[in-house]
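# Reading the structure
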Amino acid sequence: MFARNLIHQLRQWKENPRRKPLVLRGARQVGKTTLVKEFGKEFDSFISLNLEKEDSEIFRRFSNVNDVWQYLCLKNHVVQDKSRAILLFIDEIQEEPKAVAMLRYFYEDLSWVYVIAAGSRLHSLMKQHVSFPVGRVEYMTLRPCSFLEFIEAKEGGQWADMLRDIAVPDFMHEEMISAFNTYALVGGMPEAVSEYLDHQDIERLSPIFSSLLKGYNEDAEKFAKNFEQVRVLRHILGAAWLSAAETITFSGFGNSNYTSTQIHDGMDLLERAYLLSLDYPVTSTSAPALPATRRSPKLIMVDTGLTNFLAGIQLEYLQNKELLDTWRGRAAEHIVAQELRVVLDRHYREQQYFWIRDKKGSTAEVDFVWQEGTDIIPIEVKAGTNSHLRSLHTFVNNSDGHVVAVRIWSGPLSIQDIETPAPDKKPFRLINLPFYYVGQLDKVLVEYGSKNSIG
């Protein structure tokens, strides 16, 4: 078990006197159960239930939350004492709708008890027309391991602190880029990360990735509305990895005969399961960043390591020293999307966007945008000189006021106050951001995002 950064947010939740029962979301095998059990060591008592097993009978047996709690304490030899910190963990809560409904009564009648619920198929509750009690629970999302977590597990706290503080010295740049490329190859699924760190052998990850995919396919039967949707979901899970980091159309997706509605509904289910995300474009260069949902979305899968395995591009990674040369640049864009998700979660944002120019015949597209206050910041994943940033320059030229833009690359961190090419020659600030700082984007923008931030 290596450290997960979400434990800091769990500790904040613990210290909040107005906390509510917490629902921990995330894809299968991202480490939810392991994280909560580790967190449970920080309490006076820890009670763990798994509703996929016989524990679900408890919530069918009792209808009163106080009876449930008294039974659990007696069974687990826990003293009911409000002065003691007791954590109740209800894993796979989607297996028992009565347990979901009872969360509100833990909040209203037993607020001194710390309650965390989790499950790998929480979205399957939709099929049963069950929802979490509105206003009586709060949520957190656990993603695959970030680069910060990976580097701390691989190299230790000093390396991680260099990232957190935006303080990687010049002489460490190449080593940090090399470590990021390794992370981009392995991905962030905890079991794969642990196996790689123990043995440094990419071939040993294949059975892990294969097992994960099998589990995802088996889950299709458990939350699909009917057998036809099971087939649609399995088709998507077989084909989507090859379209990762690409703009897609729903109709005929993956060379199928399925309708646009069937694919869209299937992807919506998988998005709720955190197995993929559909990132829509925005067309404005000023806030608010509103998605153009009638346009084609970009498909991002749950994990880059799993994507590399299923798309068959692991060898290409090993042969290329430059991440931007791998899989026609899509590998770099995909791992950046995965890292940006962690930043979005820190700011309680659900959606990730890219930008396209809303003009007939235009092909201008910026890989990502980030809204910072009233500003929309364009982000390109690109090597080369400034003259190659055509879409980013188009964004700047179509913007009002001074623009801060980000170019993510393999070079060192640098800040440039420059102009777009003639004839427009519009000034803007360009932050050249090395891959390893993507997960610290919000901190970088605070430090370097204003015109007065260069000393």
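In the block above lies the structure referred to throughout.
Keep in mind that what you see is a predicted model, and the values were worked out from it rather than measured. (Residues numbered from 1 in each chain as written. Predicted model: local features only at pLDDT ≥ 70, side-chain atom pairs only at ≥ 80, totals over all residues. Heavy atoms only, no water.)

### What about the overall build of the chain?
Each helix and strand counted, the chain has 17 helices and 15 strands in total. For 455 residues, the compact-globule estimate of 2.2 N^0.38 gives 23 Å, and the chain sits close to it at 23 Å. Projected onto its principal axes, the C-alpha positions of the chain cover 75 × 55 × 45 Å. The contacts of the chain with a sequence gap of at least 6 include a subset with a gap of at least 24, amounting to 69%. Roughly 20500 Å² of accessible area belongs to the chain as shown, and the carbon and sulfur atoms make up 46% of that amount. (Helix = DSSP H or I, 4+ residues; strand = E, 2+ residues; numbered from the N terminus. Rg over C-alpha atoms; globule rule 2.2 N^0.38 Å. Contact = heavy atoms within 4.5 Å. Areas by Shrake-Rupley, 256 points an atom, 1.4 Å probe, with all protein chains shown as cover.)

### Notes on the packing of helix α11 (residues 227-239) against helix α12 (residues 260-272)
With their axes 9 Å apart at the nearest point, α11 and α12 run at an angle of 75° to one another. When the axes of α11 and α12 are compared, the pair comes out roughly perpendicular. Together, E228, Q229, V232, L233, H235, I236 and L237 of α11 and Q262, I263, D265, G266, M267, L269 and L270 of α12 make up the contact between the two elements. When grouped by side-chain class, the residues that make up the contact of α11 with α12 number eight nonpolar, four polar and two charged. (Axes fitted to C-alpha atoms, helices over the stretch in contact; angles between N-to-C directions. Parallel < 35°, antiparallel > 145°, perpendicular 65-115°, else oblique. Nonpolar A, V, L, I, M, F, W, Y, C, P; charged D, E, K, R; others polar.)

### Side note on the side chain of D367
Within the element layout of this structure, D367 appears in strand β11 (residues 365-372). For the buried D367, which has no salt bridge, the nearest side chain bearing the opposite charge is K298, at an N-O separation of 4.5 Å. Dropping the residues within four chain positions of it, D367 is found in contact with K298, E333, Y353, F354, I379, E380 and V381. (Buried < 20%, exposed > 50% of the residue type's maximum accessible area, 1.4 Å probe, protein only. Lys, Arg positive; Asp, Glu negative; His and termini not counted. Salt bridge = Lys/Arg side-chain N within 4 Å of Asp/Glu carboxyl O.)

### Examining the sheet that holds strand β7 (residues 276-279)
An order of β6-β9-β7 is seen for the three strands of this open sheet, with the pairing classed as antiparallel. For this open sheet the edge positions go to β6 (246-247) and β7, each flanked by a neighbour on one side alone. The sheet strands contacting α12 are β7 and β9 (298-301), and the helix crosses β7 at an angle near 115°. (Pairing = 2+ DSSP bridges.)

### A short note on the packing of aromatic side chains
Geometry of an aromatic ring pair is reported as the spacing of the ring centres plus the angle between the planes. The tally for this structure, following the rule as stated, stands at 15 aromatic pairs. An angle of 35° between the planes, with centres 5.5 Å apart, marks the rings of F209 and F309 as tilted. Placement of the pair is F209 in helix α10 (residues 206-223) and F309 in helix α13 (residues 304-311), with a sequence separation of 100 residues. Given the relative accessible area of 0%, F209 is considered buried. (Phe/Tyr/Trp six-rings, centres within 6.5 Å; stacked < 30°, edge-to-face > 60°.)

### Points about the sheet that holds strand β13 (residues 403-409)
Spatially, β8-β10-β11-β12-β13-β15-β14 is the arrangement adopted by the seven strands of the open sheet, whose pairing is mixed. Sheet topology places β8 (281-282) and β14 (414-419) at the edges, where each strand pairs with a single neighbour. Two elements, β14 and strand β15 (residues 427-434), share six bridges in a ladder whose sense is antiparallel. The residue bridging E419 from the neighbouring strand is P427, located in β15. Packing against the sheet, helix α15 (residues 330-346) makes contact with β11, β12 (375-381) and β13, and its axis sits at approximately 10° to β11.

### Brief notes about helix α17 (residues 441-448)
Quick reminder: α-helices carry 3.6 residues per turn. Residues three or four places apart thus point the same way. Taken as a whole, α17 has its buried residues at L441, D442, V444, L445 and Y448. Along the axis of α17, the buried residues cluster in a sector spanning 160°; they form a single face. The secondary structure elements touched by the buried residues of α17 are α15, β11, β12, β13, β14 and β15. (Arc of directions from axis to C-beta.)

### Let's talk about the pattern of salt bridges
When the charged atoms of two side chains with opposite charge come close together, those side chains can pair. Within the structure shown, the criterion is met by 24 salt bridges. For R4, the salt bridge is made with E149, and the minimal N-O distance between the two is 3.1 Å. Within this pair, whereas R4 is found in the segment before α1 (6-15), its partner E149 is found in helix α6 (residues 147-155), the two being separated by 145 residues in sequence. By relative accessible area, which is 5% here, E149 ends up buried.

### Quick look at the nonpolar core
Judged by nonpolar contacts, the single largest core of 115 residues is most densely connected at I116, F147, M267 and F435. The contact partners of I116, leaving out residues within four places of it in the chain, are L10, W13, L22, L24, V36, F39, L87, L88, F89 and I90. In this structure, L51, V65, I86 and W112 belong to the second largest nonpolar core, which totals 30 residues. (Core = buried A, V, L, I, M, F, W, Y, C linked by side-chain atoms within 4.5 Å.)

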